[in-house]
Amino acid sequence: MNKWVKGNIINIKHWSEYILTLIVHAPVNFFIAGQFTKIRLEINKKKIHRSYSYVNPPKSDNLEFYLISIKKGKLSKYLNILKKGDTVSIKKESLGYFTLNNIKSCKHLWMISTGTAIGPYLSILSQKENINKFEKIILVHSVRLNKEFSYENKIKILKKKYKNKLLIQKIVSREKVYESISGRIPMLIYNGLLESSVHLNINAKNSHIMLCGNPSMIKDTTKILEDIKGMKKNLININGNITTENYW
Ligand code: NAP
């Protein structure tokens, strides 16, 4: 049985009115970078839980979760008003297959995300395990506004650590920003702009694509990768080159 354990809120970083990072101390079991757990609160006598990916690498003292508060949501707006010293419930065992041990060695690993779904990639890259299976890693992050790149400093540190092995491509969809491209991920793959901006091609022979975030982005991007790149989903028993994690 996957028990709920008590998590103490150690800190909360509010990046904006609606984007936040929760730092939690909880006796959870070991997880694999890329996995998620569930966080639960009791709200008006009802227990409500949602899945959240770890941002921290395994074996950290504290757990880190990056999330967006949805005005009409049932849980996140309550997580947004937690204070240091408050408690949440958290699942002791982690879940999910969005991990590098489920991906075969290849030349280029594309880590593509929208919004707060950058989280699992930060965990994976911070841990730096299973990374030698890939020659280059391309971290692609799409947000609405430039100010939503909350983890820019952490990404700069990772870039220094990985040097030329790690390429970063920022996408801002609702304003024009220097060093970012503009548009939506499926179209940017369809029109070749994503590949030309990082000077690498996506192809079924040497690339693996990880997609994390907005479910419609994942659906549309998967279709384009299947249709124009001849790629296939990577499933538990069938090797392919598209691995996905829906954020809601
Ligand atoms: P998001 O809405 O998924 O947007 C993140 C990035 O993904 C943006 O660049 C967005 O482009 C892009 N995107 C969205 N749908 C796409 C699709 N079908 N295909 C390709 N790209 C797509 O993520 P988020 O900004 O982290 O927001 C997550 C959720 O929070 C959403 O449901 C949103 O409505 C909600 N939200 C709530 C508040 C609040 O006040 N509480 C504020 C912001 C967002 P576009 O700009 O073109 O959509």
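Residues numbered from 1 in each chain as written. Predicted model: local features only at pLDDT ≥ 70, side-chain atom pairs only at ≥ 80, totals over all residues. Heavy atoms only, no water.

### Focus on the overall build of the protein
In terms of helices and strands, the protein carries six helices and twelve strands. A globule of 248 residues ought to have a C-alpha radius of gyration of about 18 Å, and the protein, at 18 Å, matches this closely. Seen through its principal axes, the protein has C-alpha atoms that stretch 50 × 40 × 35 Å. The 248 residues of the protein split such that 51% are buried. When the accessible surface of the protein is totalled, it reaches about 13,200 Å², and 50% of it is carbon and sulfur. (Helix = DSSP H or I, 4+ residues; strand = E, 2+ residues; numbered from the N terminus. Rg over C-alpha atoms; globule rule 2.2 N^0.38 Å. Buried < 20%, exposed > 50% of the residue type's maximum accessible area, 1.4 Å probe, protein only. Areas by Shrake-Rupley, 256 points an atom, 1.4 Å probe, with all protein chains shown as cover.)

### Observations regarding the sheet that holds strand 2 (residues 19–25)
Spatial strand order, 4-3-6-1-2-5: six strands in an open sheet with antiparallel pairing. Strands at the two margins of the open sheet, each flanked by one partner only, are strand 4 (46–53) and strand 5 (63–68). Looking at each pair of strands side by side, their axes are set apart by 40° on average, direction ignored. As judged from the six bridges shared by strand 2 and strand 5, these two strands associate in the antiparallel manner. Looking across to strand 5, one finds that threonine 21 is bridged to tyrosine 66. (Pairing = 2+ DSSP bridges. Axes fitted to C-alpha atoms, helices over the stretch in contact; angles between N-to-C directions.)

### Digging into the nonpolar core
Membership of the largest hydrophobic core comes to 27 residues, with the highest contact counts inside it found for Leu100, Leu109, Met111, Leu125, Ile137, Leu139 and Met210. It is helix 2 (residues 119–127) that provides the largest number of residues to this core, a total of four residues. Excluding its chain neighbours within four sequence positions, the residues that come into contact with methionine 111 are Tyr121, Ile124, Leu125, Ile137, Ile138, Leu139, Val140 and Met210. Of all hydrophobic cores here, the second largest spans 23 residues; its members include Val28, Leu41, Ile48 and Leu63. (Core = buried A, V, L, I, M, F, W, Y, C linked by side-chain atoms within 4.5 Å. Contact = heavy atoms within 4.5 Å.)

### Brief notes about the pairing of strand 1 (residues 4–14)
Each regular strand displays side chains that alternate between the two surfaces of the sheet. Relative to strand 6 (residues 87–91), strand 1 is paired through five bridges, and the arrangement is antiparallel. Looking at strand 6, one finds that asparagine 8 is bridged to threonine 87. Where strand 1 hands over to strand 2, the hairpin turn is made up of four residues, counted between the paired strands.

### What about the site of the ligand?
If you check the shell around the ligand, you find 18 residues, and the closest are Ser69, Ser142, Ser173, Arg174 and Arg184. Between the ligand and arginine 184, the relevant distance is 2.8 Å, taken from an oxygen atom to a side-chain nitrogen or oxygen of the residue. Coverage of the ligand by the protein amounts to 82% of the 870 Å² it exposes when considered alone. More than half of the atoms belonging to the ligand lie within 2 Å of the grid points that define the largest pocket. Looking at the shell around the ligand residue by residue, the class counts come to seven nonpolar, seven polar and four charged. (Near = heavy atom within 4 Å. Polar contact = N/O pair within 3.5 Å; in protein donor to acceptor, adjacent residues only side chain to side chain. 1 Å grid on protein atoms, 1.4 Å probe; cavity = no way out; pocket = protein on both sides within 12 Å on 5 of 7 lines; lining within 4 Å. Sits in = over half its atoms within 2 Å of the grid points. Nonpolar A, V, L, I, M, F, W, Y, C, P; charged D, E, K, R; others polar.)

### Re the side chain of asparagine 80
If you trace the backbone, asparagine 80 turns up in the loop between helix 1 (76–79) and strand 6. Here histidine 14 takes part through its side chain, which lies 3.3 Å from a polar atom of the side chain of asparagine 80. Excluding anything up to four places from it in sequence, asparagine 80 contacts His14, Glu17, Tyr18, Leu20 and Ser69.

### Here's the deal with the layout of surface pockets
Of the pockets and cavities examined, the largest pocket occupies roughly 1,100 Å³. In terms of lining, the largest pocket is formed by 35 residues, of which the most central are Ile68, Thr114, Gly115, Asn214 and Trp248. Secondary structure elements with two or more residues in the lining of the largest pocket: strand 4, strand 5, strand 8 (134–143), helix 4 (185–190), helix 6 (215–229) and strand 12 (242–246). The element best represented in the lining of the largest pocket is strand 4, accounting for four residues. Taken together, the residues of the lining of the largest pocket sort by class into 15 nonpolar, twelve polar and eight charged. (Points joined across faces, edges and corners; volume = space filled by probe spheres on them.)

### Some remarks on helix 6
Helix length check: helix 6 (15 residues) gives 20 Å between terminal C-alpha atoms against 21 Å at 1.5 Å per residue, within 8%. Taken residue by residue, helix 6 has Met217, Ile218, Thr221, Thr222, Ile224, Leu225 and Lys229 as its buried positions. Angularly, the buried residues of helix 6 cover 165° about the axis, an arc narrow enough to put them on a single face. Summarising the geometry of helix 6, the exposed residues directed more than 90 degrees from the buried face are Lys219 and Asp227. Where helix 6 begins, the capping side chain belongs to asparagine 214, and its oxygen is found 2.9 Å from the backbone nitrogen of serine 216. (Expected span 1.5 Å × (residues − 1). Arc of directions from axis to C-beta.)

### Concerning the sheet that holds strand 11 (residues 207–213)
Taken together, six strands build an open sheet; the order of strands is 10-9-8-7-11-12 and the sheet is parallel. Each edge of the open sheet carries a strand with a single partner, namely strand 10 (180–181) and strand 12. Of the strand pairs in this sheet, strand 9 (residues 166–172) and strand 10 are connected by two bridges, and their pairing is parallel. From the neighbouring strand, isoleucine 171 faces strand 10, where its bridge partner is isoleucine 181. Relative to strand 9, helix 3 (residues 152–162) is tilted by about 155°, and along the sheet it contacts strand 8 and strand 9.

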